[in-house]
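Listed below, chain by chain, are the residues.
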Amino acid sequence: MRIKFYFLALFSLYLIGCTSSKQSVQETNYSIKNIPPGQCRIVASIVKIDSTLSTGNENDPCSKAPCTAWIRVKNIVGYGAGSAALSPSDTLKAKFAFTLNPTTKKTFPTLKENFPGLEEGSSFLADIQLMPSNPANHKKEKVYLIYGYTKLK
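If you're wondering where the values come from, they're calculated on a predicted model, not measured in any experiment. (Residues numbered from 1 in each chain as written. Predicted model: local features only at pLDDT ≥ 70, side-chain atom pairs only at ≥ 80, totals over all residues. Heavy atoms only, no water.)

Draft legend 1. Broad picture of the overall build of the protein. A count of helices and strands for the protein gives one helix and five strands. Its helices and strands taken in sequence order, the protein reads α-β-β-β-β-β from the N to the C terminus. A buried classification covers 33% of the 153 residues belonging to the protein. Considering only contacts within the protein whose residues lie at least 6 apart along the sequence, 65% involve residues at least 24 apart. Carbon and sulfur atoms make up 58% of the accessible area of the protein, which totals about 10400 Å². (Helix = DSSP H or I, 4+ residues; strand = E, 2+ residues; numbered from the N terminus. Buried < 20%, exposed > 50% of the residue type's maximum accessible area, 1.4 Å probe, protein only. Contact = heavy atoms within 4.5 Å. Areas by Shrake-Rupley, 256 points an atom, 1.4 Å probe, with all protein chains shown as cover.)

If you want it as structure tokens, here you go:
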């Protein structure tokens, strides 16, 4: 009888431990729902901003504000089908489609969502996708595209 009691007590403690750890993990996780194919949802931070502006097209937002930065992956939230595999602590070159500056209705009149802008050290949540490589680029460096983000701090 005592063995059954000890077994029941240990099993109860095990269940309580599993339940509490699941709750704490769920509180810090971000949604993995609706990750588009070819994209990866990450939490990352800005390591360095490339201040070089694009030339050639004055309507390109990257000719008015920086669009390229090196980011460090802090956490992989989830993957869409067919997306490139990443690891936490990877440092990636990323292009922000709507620049790293804050967006406004004046700068992007048709954009439905405004972004607060990012600077070195900023953390953010975003869906990223690997851009097709340029055959003329002999460096063969990978560049990831970010259309939108949520600034975390």
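After presenting the structure, the write-up continues.
Draft legend 2. Just unusual backbone geometry, in detail. Phi is positive for Ser 89, which is not a glycine, with a value near 80 degrees. Following the sequence through the fold, Ser 89 ends up in the loop between strand S2 (68–79) and strand S3 (91–96). Positive phi is not limited to glycine here, since Thr 99 has a value of about 70 degrees. Within the secondary structure, Thr 99 is located in the loop between S3 and strand S4 (123–130).

Draft legend 3. Spatial organisation of the pattern of salt bridges. Tallying each qualifying case throughout the model produces three salt bridges. Across the salt bridge formed by Arg 41 and Asp 127, the nearest N and O atoms sit 2.6 Å from each other. Here Arg 41, found in strand S1 (residues 39–50), pairs with Asp 127, found in strand S4; they are 86 residues apart in sequence, far enough to count as distant. Among the residues examined, Arg 41 registers a relative accessible area of 11% and is labelled buried. Across the pair Lys 93 and Glu 141 runs a salt bridge, and its minimum N-O distance is 3.0 Å. Remark: Glu 141 occurs in the loop between S4 and strand S5 (143–151) and Lys 93 occurs in strand S3; sequence separation between them is 48 residues. Judged by relative accessible area, which is 18%, Lys 93 ranks as buried. (Salt bridge = Lys/Arg side-chain N within 4 Å of Asp/Glu carboxyl O.)

Keep in mind that these numbers describe shape and distance, not what the molecule does.
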